[in-house]
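Structural features, examined
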Amino acid sequence: MSSPNTNKPYDYTSKFFRTVPDDDFEEKESSLSEIEDDIFQIEVSLKSLLLELRSNTSDSNSLNAKSIDKTFSIKLPEIPLPLFNGKIEEWNSFKQQFLNLINDNPNLIENQKYYYLRSRLRNETKSIETSEDTYQSLLKALEDRFENKRIIVDAQIKISLTMKQLLMNPQNTCTNC
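Residues numbered from 1 in each chain as written. Predicted model: local features only at pLDDT ≥ 70, side-chain atom pairs only at ≥ 80, totals over all residues. Heavy atoms only, no water.

A few words now on the packing of helix H4 (residues 88-103) against helix H6 (residues 135-146). Packed helix pairs are specified by the crossing angle of their axes together with the interaxial distance, meaning the distance between the axes. Where H4 contacts H6, the two axes come as close as 10 Å, and the packing angle between them is 155°. Comparing their axes, H6 and H4 come out roughly antiparallel. Relative to H6, H4 is oriented so that their crossing is left-handed. Facing H4, whose interface residues are Ile88, Trp91, Lys95, Phe98, Leu99 and Asn103, H6 presents Tyr135, Gln136, Leu139, Leu142, Glu143 and Phe146. Taken together, the residues of the contact of H4 with H6 break down into eight nonpolar, two polar and two charged. (Axes fitted to C-alpha atoms, helices over the stretch in contact; angles between N-to-C directions. Helix = DSSP H or I, 4+ residues; strand = E, 2+ residues; numbered from the N terminus. Parallel < 35°, antiparallel > 145°, perpendicular 65-115°, else oblique. Left-handed = near helix turned anticlockwise from the far one by under 90°. Contact = heavy atoms within 4.5 Å. Nonpolar A, V, L, I, M, F, W, Y, C, P; charged D, E, K, R; others polar.)

As structure tokens, then:
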């Protein structure tokens, strides 16, 4: 291809490429590397979404285009992960929510599950974890500690005694709480 005014070939390299001074090279290369990483992440996300969409479409042949649009247009609020601070009476609730939201999620790998579990532990429960823990070993240690029948019975007795004291001393109860 020739340039409009001459018979010389058109130089595309000057239009699409430019040289960078040596002192800016590392900065530009780093910037390009970050852009390439971003493009790769976007590509993976898009491929995952396409795969998910294809599987949803093939799994439910009875759905028409309108119902698919409705499915994708509904934005549910995010479900917060529960915190566990070591209260034995809250263990079953915490465990059930955590298992439903994290453990049963097929999109999470073991390291992610481990991170989520560690991040939700507070107070004395932090001391249960060790540096060699995996997701399964930490979950098992928590189950061993908080599903101990003796500790559960002790906690229930303590709650019963507290309730009995409150019932016997009505002046200690708060009527405006």
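Turning next to the side chain of Lys113. With respect to the element layout, Lys113 can be found in helix H5 (residues 110-119). Accessibility expressed as a relative area gives 8% for Lys113, which makes it buried. A distance of 3.1 Å separates a polar atom in the side chain of Lys113 from the backbone oxygen of Asn103. In this structure Lys113 touches Phe98, Ile102, Asn103, Asn105, Leu108 and Tyr135, once residues within four positions along its chain are discounted. (Buried < 20%, exposed > 50% of the residue type's maximum accessible area, 1.4 Å probe, protein only. Polar contact = N/O pair within 3.5 Å; in protein donor to acceptor, adjacent residues only side chain to side chain.)

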